[in-house]
Amino acid sequence: GENVEQHPSTLSVQEGDSAVIKCTYSDSASNYFPWYKQELGKRPQLIIDIRSNVGEKKDQRIAVTLNKTAKHFSLHITETQPEDSAVYFCAAVISGSARQLTFGSGTQLTVLP
Amino acid sequence: DTEVTQTPKHLVMGMTNKKSLKCEQHMGHRAMYWYKQKAKKPPELMFVYSYEKLSINESVPSRFSPECPNSSLLNLHLHALQPEDSALYLCASSQDSSGANVLTFGAGSRLTVL
């Protein structure tokens with residue numbers, strides 16, 4: 001069925017290194033791709049989003065790239081810091097879910113000091 | 001006000017109890033949502049209200065009963081729950097229910113069913 005796949009499920013990086021998380025989606029009509037960060041015991045919070053008329057978007061150390069032809073999008077975090085440690089969820093609007101956001105399975109990012 | 005407020009933060013209930021979760025937003029958003037989140041899993045959509053009317057019910061058991069008294073408030077009434085219903089219940093809101101809008105989440109109500 002229609003879904004969003006996210007990899008890797010866990011990612012450990014040294015402080016200062018870059019981290020990349022990838023998602024693929026199946027619905028070619030999807031046009032909105034947000035990324036949420038959820039720290040332990042906290043609410044999911046939007047960190048960046050991209051719409052299908054744009055290929056890349058940056059906000060300081062965070063960037064998202066979108067390849068509509070291949071139906072995948074990626075989150076890039078540069079110069080990682082310990083406070084970047086959290087679970088990151090990608091999401092996309094999927095036809096089969098009444099056109100609501102469907103979340104990927106999540107990536108636990110750990111930034112080692 | 002740019003927040004979604006949920007009460008209570010924690011709730012412990014027996015399988016025969018009746019309780020309610022409450023959610024409030026004052027951002028003028030016309031769509032409100034209930035999500036269920038198990039540990040180490042993504043949020044799962046339960047219900048969507050659009051302009052105070054229930055627009056989506058993702059095949060949720062009838063022991064969960066949503067209510068939207070007005071455009072700022074959303075309740076989730078709980079009755080005869082099972083231990084497997086223990087989870088974090090997240091409320092969210094967005095400008096509308098088109099799916100292509102930013103979701104603002106509340107801090108959640110952590111429910112334990114004994």
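Anything mentioned here points back to the structure above.
This section reports on the structure supplied with the text.

Definitions and limits used
Residues numbered from 1 in each chain as written. Chains lettered and ligands numbered in written order. Predicted model: local features only at pLDDT ≥ 70, side-chain atom pairs only at ≥ 80, totals over all residues. Heavy atoms only, no water. Helix = DSSP H or I, 4+ residues; strand = E, 2+ residues; numbered from the N terminus. Rg over C-alpha atoms; globule rule 2.2 N^0.38 Å. Buried < 20%, exposed > 50% of the residue type's maximum accessible area, 1.4 Å probe, protein only. Pairing = 2+ DSSP bridges. Axes fitted to C-alpha atoms, helices over the stretch in contact; angles between N-to-C directions. Disulfide = S-S within 2.5 Å. Core = buried A, V, L, I, M, F, W, Y, C linked by side-chain atoms within 4.5 Å. Salt bridge = Lys/Arg side-chain N within 4 Å of Asp/Glu carboxyl O. Contact = heavy atoms within 4.5 Å. Buried area = accessible area lost by both parts, 1.4 Å probe. Nonpolar A, V, L, I, M, F, W, Y, C, P; charged D, E, K, R; others polar.

1. Some thoughts on the overall build of chain B
A tally of helices and strands in chain B yields zero helices and 11 strands. Tracing chain B from N to C terminus, the helices and strands come up as β-β-β-β-β-β-β-β-β-β-β. Its C-alpha atoms give chain B a radius of gyration of 13 Å, near enough to 13 Å, the size a compact globule of 114 residues would have. With the C-alpha coordinates aligned to their principal axes, the bounding extent of chain B is approximately 35 × 25 × 25 Å. By residue count, 46% of the 114 residues in chain B fall in the buried class.

2. Here we look at the sheet that holds strand β3 (residues 18-25) of chain B
Residue and element names in this part refer to chain B. The strand order across the open sheet formed by four strands is β1-β3-β8-β7, and the pairing between neighbours is antiparallel. The two strands at the open ends of the sheet, each matched to only one other strand, are β1 (4-7) and β7 (64-70). Across the sheet, the mean angle from the axis of one strand to that of its neighbour is 20 degrees, orientation sign disregarded. Both β1 and β3 contribute to a ladder of four bridges, which runs antiparallel. Paired with Q6 across the two strands is C23, which belongs to β3.

3. Notes on the state of the cysteines
Residue and element names in this part refer to chain A. Applying the stated criterion to the full structure yields two disulfides over all chains. Two residues, C23 and C90, share a disulfide whose sulfurs are 1.9 Å apart. With the S-S bond torsion at -95 degrees, the cross-link from C23 to C90 turns out left-handed. Of this pair, C23 sits in strand β3 (residues 19-25) while C90 sits in strand β9 (residues 86-94); the two residues are 67 residues apart in sequence, bridging distant segments of the chain.

4. What to know about the nonpolar core
With 25 residues, the main nonpolar core has W35, F73, L75, Y88 and L109 of chain A as its most contacted residues. Put simply, the parts of the chain that give this core at least two residues each are β2 (10-14), β3, β4 (32-38), β5 (45-51), β7 (62-67), β8 (72-77), β9 and β11 (107-112) of chain A. Formed by 22 residues, the second largest nonpolar core is a distinct cluster that contains F64, L81, A87 and C91 of chain B.

5. Comments concerning the pattern of salt bridges
The tally for this structure, following the rule as stated, stands at four salt bridges over all chains. With a closest N to O distance of 3.0 Å, D49 of chain A and K57 of chain A form a salt bridge.

6. Quick look at the interface of chain B and chain A
Counting from both sides, the interface comprises 23 residues of chain B and, opposite them, 18 residues of chain A. Ranking the residues of chain B by area buried against chain A places G99, A100 and F105 of chain B at the top, with a combined share of 27%. Every element with two or more residues in the side of chain B that touches chain A is listed here: β4 (31-37), β5 (44-50) and β9 (87-94) of chain B. Class assignment for the residues of the side of chain B that touches chain A results in 15 nonpolar, six polar and two charged.

7. A look at unusual backbone geometry
P8 of chain A follows H7 of chain A through a cis peptide bond whose omega is -5 degrees. Within the secondary structure layout, P8 of chain A lies in the loop between β1 (4-7) and β2. Here the residue pair T7 of chain B and P8 of chain B is connected by a cis peptide bond, since its omega of -5 degrees sits within 30 degrees of zero. As for its placement among the helices and strands, P8 of chain B is situated in the loop between β1 and β2 (10-13). Positive phi outside glycine occurs at K71 of chain A, with the angle close to 60 degrees. Checked against the element boundaries, K71 of chain A lands in the loop between β7 and β8. Even without glycine at this site, K40 of chain B takes up a positive phi of about 65 degrees. Counting through the fold element by element, K40 of chain B comes out in the loop between β4 and β5.

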